Amino acid sequence: KWLCAKSVVTTGVEESLFTDIKVYPNPSSELIKVENTTSRIEQLKLFDALGRQLYSRKSDFDGQLISIDVSTYESGIYSLQVLGGGDQRNFQIIIE
């Protein structure tokens, strides 16, 4: 059973470049996968509940499946920030 991550579009524009991005499984205890079918992702950042950046990856992720190892992080609620093309989208991630 797969659950989609809750997301917030911070630009205020609902027709975001990132409408085709899926983040799963959520909750997770090992790997978070970011499925990107058409959007151009330039950077991924993962923050804990206190706003501390725990993970950052810069690159050109165009139409790729990206995996993030979360097995060393404590259980809790995290924020995955997806950046690209001047746009930003945040996904709420639960790590068990």
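Quantities reported herein were computed from a predicted structural model and do not represent experimental measurements.

*Asks:* Could you clarify how one ought to interpret the environment of Phe-47 in this entry?
*Replies:* Tracing the backbone through its elements, the reader meets Phe-47 in strand β4 (residues 40-47). Residues Phe-47 and Gln-92, 45 residues apart in the sequence, show an inter-C-alpha distance of 9.8 Å. Look past the residues within four positions of Phe-47 in its chain and what remains in contact with it is Arg-52, Gln-53, Tyr-78, Ser-79 and Gln-81.

*Asks:* When you look at the environment of Leu-46 in this model, what are you seeing that I'm missing?
*Replies:* Here Leu-46 is to be found in strand β4. For Leu-46, a relative accessible area of 3% puts it in the buried group. C-alpha of Leu-46 to C-alpha of Val-70: the two residues are 24 residues apart in sequence and 9.8 Å apart in space. The contact partners of Leu-46, leaving out residues within four places of it in the chain, are Arg-52, Gln-53, Leu-54, Tyr-55, Val-70, Tyr-73, Tyr-78, Ser-79 and Leu-80.

*Asks:* Honestly, the environment of Ile-66 in this entry has me stumped. Any pointers?
*Replies:* Following the sequence through the fold, Ile-66 ends up in strand β6 (residues 65-69). Overall, Ile-66 belongs to the buried group, its relative accessible area being 2%. Sequence-wise, Ile-66 and Ile-32 are 34 residues apart; in three dimensions their C-alpha atoms are separated by 8.2 Å.

*Asks:* Would you mind showing me how to read the sheet that holds strand β3 (residues 31-36) here?
*Replies:* Strands belonging to one sheet form pairs held by backbone hydrogen bonds; the direction of such a pair is parallel or antiparallel. Pairing within the open sheet is antiparallel, and its 3 strands lie in the order β2-β3-β6. Each edge of the sheet is formed by a strand with only one pairing partner; in this case those strands are β2 (21-24) and β6. For this sheet the average axis-to-axis angle between neighbouring strands, irrespective of direction, equals 15 degrees.

*Asks:* Explain the packing of aromatic side chains here, please?
*Replies:* Any two aromatic rings considered together are summarised by their centre-to-centre distance and by the angle between their planes. Per the stated rule, a full pass over the model turns up 1 aromatic pair. For the pair Tyr-73 and Tyr-78, a centre-to-centre distance of 6.0 Å together with 35 degrees between the ring planes defines the contact as tilted. The pair formed by Tyr-73 and Tyr-78 is uniform in burial state, with each residue classed as buried.

Parameters and conventions
- Residues numbered from 1 in each chain as written.
- Predicted model: local features only at pLDDT ≥ 70, side-chain atom pairs only at ≥ 80, totals over all residues.
- Heavy atoms only, no water.
- Helix = DSSP H or I, 4+ residues; strand = E, 2+ residues; numbered from the N terminus.
- Contact = heavy atoms within 4.5 Å.
- Buried < 20%, exposed > 50% of the residue type's maximum accessible area, 1.4 Å probe, protein only.
- Pairing = 2+ DSSP bridges.
- Axes fitted to C-alpha atoms, helices over the stretch in contact; angles between N-to-C directions.
- Phe/Tyr/Trp six-rings, centres within 6.5 Å; stacked < 30°, edge-to-face > 60°.

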